[in-house]
Amino acid sequence: ETGVTQTPRHLVMGMTNKKSLKCEQHLGHNAMYWYKQSAKKPLELMFVYNFKEQTENNSVPSRFSPECPNSSHLFLHLHTLQPEDSALYLCASTYVAGGSDTQYFGPGTRLTVL
Amino acid sequence: GQNIDQPTEMTATEGAIVQINCTYQTSGFNGLFWYQQHAGEAPTFLSYNVLDGLEEKGRFSSFLSRSKGYSYLLLKELQMKDSASYLCAVRDDYKLSFGAGTTVTVRA
């Protein structure tokens, strides 16, 4: 248990569906991240929120839409996805303070797009 | 751009030592992390280096040479539970860039 939870753990959706991934952290952190992990590839940073403000959008297609209503919650809204979007989606959080700022990861949502 | 290289796979025997190398060429550097990730689970933090030298934590040690853009993770007294993927990550400001991970298989 890292203190970062993600739901659902598994999701299967069609290309026309709309779904949302949820991430929650109880660590008092002030930054939250979405990553995509595909087989045999490095983790790809998708979005960063610092103090609830989006500070990074790593050229992610608009079919992925993040939302950060407060410093403890992060969502990833999905619509009209493609089969190549199937991957493990990981959420992470950290306290940005100029030190090691270690990121702690949730267990991920395994997404399959049919 | 960011370029972080580590071997894809390594195999070792229970009780042995394995060294996982990581080389990096990145636009910025604020530290290097190692994470362990078991199949189907979250990456978990193992170590952090920001200055040159060796950091030791029990059976795990991590080394950094900033001038060479090089780090290694040393796993001693290998146990079956150490079979996992090991991720090298470089921090630039508040963002991490990851290598593709090294899958370590420990055999009895």
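Right, let's walk through the structure included here. Please read all numbers here as calculations on a predicted model, not as lab measurements. (Residues numbered from 1 in each chain as written. Chains lettered and ligands numbered in written order. Predicted model: local features only at pLDDT ≥ 70, side-chain atom pairs only at ≥ 80, totals over all residues. Heavy atoms only, no water.)

## Observations concerning the interface of chain A and chain B
Thought 1: On the chain B side, the residues contacting the 25 residues of chain A number 19 residues.
Thought 2: Here chain A and chain B share an interface that buries about 1,700 Å² over both sides, 57% of which is from carbon and sulfur atoms.
Thought 3: Counting across the chain A and chain B interface gives 1 salt bridge.
Thought 4: D101 of chain A serves as the salt-bridge partner of R91 of chain B, at 3.5 Å between the closest nitrogen and oxygen. (Contact = heavy atoms within 4.5 Å. Buried area = accessible area lost by both parts, 1.4 Å probe. Salt bridge = Lys/Arg side-chain N within 4 Å of Asp/Glu carboxyl O.)

## Here we look at the layout of surface pockets
Thought 1: There is about 490 Å³ of room inside the largest pocket.
Thought 2: Around the largest pocket sit 20 residues that line it, and Q37 and K40 of chain A together with Q37, S85 and T103 of chain B are the ones nearest its centre.
Thought 3: It is strand β9 (residues 84-92) of chain B that contributes the most residues to the lining of the largest pocket, 3 residues altogether.
Thought 4: Of the residues that constitute the lining of the largest pocket, the class distribution is 6 nonpolar, 10 polar and 4 charged. (1 Å grid on protein atoms, 1.4 Å probe; cavity = no way out; pocket = protein on both sides within 12 Å on 5 of 7 lines; lining within 4 Å. Points joined across faces, edges and corners; volume = space filled by probe spheres on them. Helix = DSSP H or I, 4+ residues; strand = E, 2+ residues; numbered from the N terminus. Nonpolar A, V, L, I, M, F, W, Y, C, P; charged D, E, K, R; others polar.)

## Some points on unusual backbone geometry
All names here are of chain A.
Thought 1: The omega torsion across T7 and P8 is -10 degrees, close enough to zero to call that bond cis.
Thought 2: Relative to the helices and strands, P8 is located in the loop between β1 (4-7) and β2 (10-13).
Thought 3: Here K40, not a glycine, exhibits a phi torsion of approximately 65 degrees, which is positive.
Thought 4: Along the chain, K40 turns up in the loop between β4 (31-37) and β5 (44-50).
Thought 5: Residue classification places K40 among the exposed positions, given a relative accessible area of 65%. (Buried < 20%, exposed > 50% of the residue type's maximum accessible area, 1.4 Å probe, protein only.)

## Re the pattern of salt bridges
All names here are of chain B.
Thought 1: Within the structure shown, the criterion is met by 6 salt bridges over all chains.
Thought 2: Between D52 and R66 there is a salt bridge whose closest N-O contact spans 3.0 Å. Here the residue D52 occupies a position in the loop between β5 (44-49) and β6 (53-57), and R66 occupies one in the loop between β7 (60-65) and β8 (70-75), the gap between them amounting to 14 residues.
Thought 3: Classification of D52 as partly exposed rests on a relative accessible area of 42%.

## Side note on the side chain of N30 of chain A
All names here are of chain A.
Thought 1: As for its placement among the helices and strands, N30 is situated in the loop between β3 (18-25) and β4.
Thought 2: A distance of 2.8 Å separates a polar atom in the side chain of N30 from the backbone nitrogen of V96.
Thought 3: Not counting residues within four places of it along the chain, the set of residues in contact with N30 comprises Y49, N50, F51, T94, Y95 and V96. (Polar contact = N/O pair within 3.5 Å; in protein donor to acceptor, adjacent residues only side chain to side chain.)

## Topic: empty space enclosed by the protein
Residues and elements named next belong to chain B.
Thought 1: Within the structure shown, the criterion is met by 1 cavity of 30 Å³ or more.
Thought 2: There is about 40 Å³ of room inside the largest cavity.
Thought 3: At the level of secondary structure, the elements contributing two or more residues to the lining of the largest cavity comprise β5, β6 and β7.
Thought 4: Among the residues forming the lining of the largest cavity, the class breakdown is 2 nonpolar, 3 polar and 3 charged.

## With respect to the sheet that holds β3 of chain A
Residues and elements named next belong to chain A.
Thought 1: The antiparallel open sheet is built from 4 strands, whose spatial order is β1-β3-β8-β7. Sheet topology places β1 and β7 (64-70) at the edges, where each strand pairs with a single neighbour. With strand direction ignored, the average angle separating the axes of adjacent strands in the sheet is 20 degrees.
Thought 2: Two strands pair when backbone bridges link them, and β3 and strand β8 (residues 73-79) are joined in this way by 7 bridges, in the antiparallel orientation. Within β8, the residue paired with S20 across the bridge is H77. (Pairing = 2+ DSSP bridges. Axes fitted to C-alpha atoms, helices over the stretch in contact; angles between N-to-C directions.)

## Quick notes on the sheet that holds strand β3 (residues 18-25) of chain B
Residues and elements named next belong to chain B.
Thought 1: Taken in spatial order, the 5 strands line up as β1-β3-β8-β7-β6 in an open sheet, and their pairing is antiparallel. With one partner strand each, in any of the chains shown, β1 (3-5) and β6 form the two edges of the open sheet. When strand polarity is set aside, the average angle formed by the axes of neighbouring strands in this sheet is 15 degrees.
Thought 2: Inspection of the sheet shows β1 paired to β3 by 3 bridges, in the antiparallel sense. From the neighbouring strand, D5 faces β3, where its bridge partner is T23.

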